[in-house]
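Chain residues, written in single-letter form:
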Amino acid sequence: MQTTVAHVASIVIQLAGHDIIKAVDKEMSGDLKKGFLAVAQTALDPQAYYAECLHTSMKGAGTNDRQLIRVLVSRSEVDLADIKLCFLTMYGKPLGSWIKGDTGGDYRKLLLAIARE
């Protein structure tokens, strides 16, 4: 898959003069744009995409519990360790500290156990 995505990305650069993310951002709108951006970002750098999803689920007021749980559970046995490293690099704090700061009680304990924190 990576070879195909890299090939498509190089063709987009040749045709559009900018990367695939900018091309989608410029040429699409609404839910279609959101979907294509998610596919492109996941294909190009999945750990950065999921780190951003985790950050988005906890930043600001309130927590998007559905998104937080979905990403933690779906990636826990795949590449969560790599996502945690990427999260630390991108946001300067470990994922566990964000979880501790945004959740509480048994829910916090469960999330930290899934994240192996």
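Residues numbered from 1 in each chain as written. Predicted model: local features only at pLDDT ≥ 70, side-chain atom pairs only at ≥ 80, totals over all residues. Heavy atoms only, no water.

A.B. asks: Before we go on, may I ask you to explain the nonpolar core in this structure?
C.D. replies: A general tendency of soluble globular proteins is for nonpolar side chains to be buried together. Judged by nonpolar contacts, the single largest core of 20 residues is most densely connected at Leu54, Met58, Leu72, Phe87, Leu95 and Ile99. Elements that contribute at least two residues to this core include exactly helix H4 (46-58), helix H5 (65-75), helix H6 (80-91), helix H7 (95-102) and helix H8 (105-114). Per-element tally for this core: the top contributor is H4, with seven residues. For Leu54, the contacting residues outside a window of four places in its chain are Leu68, Val71, Leu72, Ile83, Phe87 and Leu95. (Core = buried A, V, L, I, M, F, W, Y, C linked by side-chain atoms within 4.5 Å. Buried < 20%, exposed > 50% of the residue type's maximum accessible area, 1.4 Å probe, protein only. Helix = DSSP H or I, 4+ residues; strand = E, 2+ residues; numbered from the N terminus. Contact = heavy atoms within 4.5 Å.)

A.B. asks: Please clarify how the packing of aromatic side chains should be interpreted in this entry.
C.D. replies: How two aromatic rings sit relative to each other is set out by the distance from centre to centre and by the angle between their planes. Inspection of the entire model under this criterion finds three aromatic pairs. An angle of 70° between the planes, with centres 5.2 Å apart, marks the rings of Tyr49 and Tyr50 as edge-to-face. Judged by relative accessible area, Tyr49 falls into the buried class, the value being 18%. Measuring from centroid to centroid gives 5.0 Å for Phe87 and Tyr91, while their planes differ by 50°, and the two rings are tilted. Note that Phe87 and Tyr91 are positioned in helix H6 at a spacing of four residues, about one turn of the helix. Judged by relative accessible area, Phe87 falls into the buried class, the value being 0%. Given the relative accessible area of 23%, Tyr91 is considered partly exposed. Taken together, the ring pairs connect Phe87, Tyr91 and Trp98 into an aromatic cluster. (Phe/Tyr/Trp six-rings, centres within 6.5 Å; stacked < 30°, edge-to-face > 60°.)

A.B. asks: Just to check I follow, could you spell out the side chain of Thr103 for this structure?
C.D. replies: Position of Thr103 among the secondary structure elements: in the loop between H7 and H8. With relative accessibility at 9%, the residue Thr103 sits in the buried group. Here Ile99 takes part through its backbone oxygen, which lies 2.6 Å from a polar atom of the side chain of Thr103. With residues near it in sequence (within four places) discarded, Thr103 still touches Leu68, Arg108 and Leu111. (Polar contact = N/O pair within 3.5 Å; in protein donor to acceptor, adjacent residues only side chain to side chain.)

Geometric values such as these leave the question of function open.
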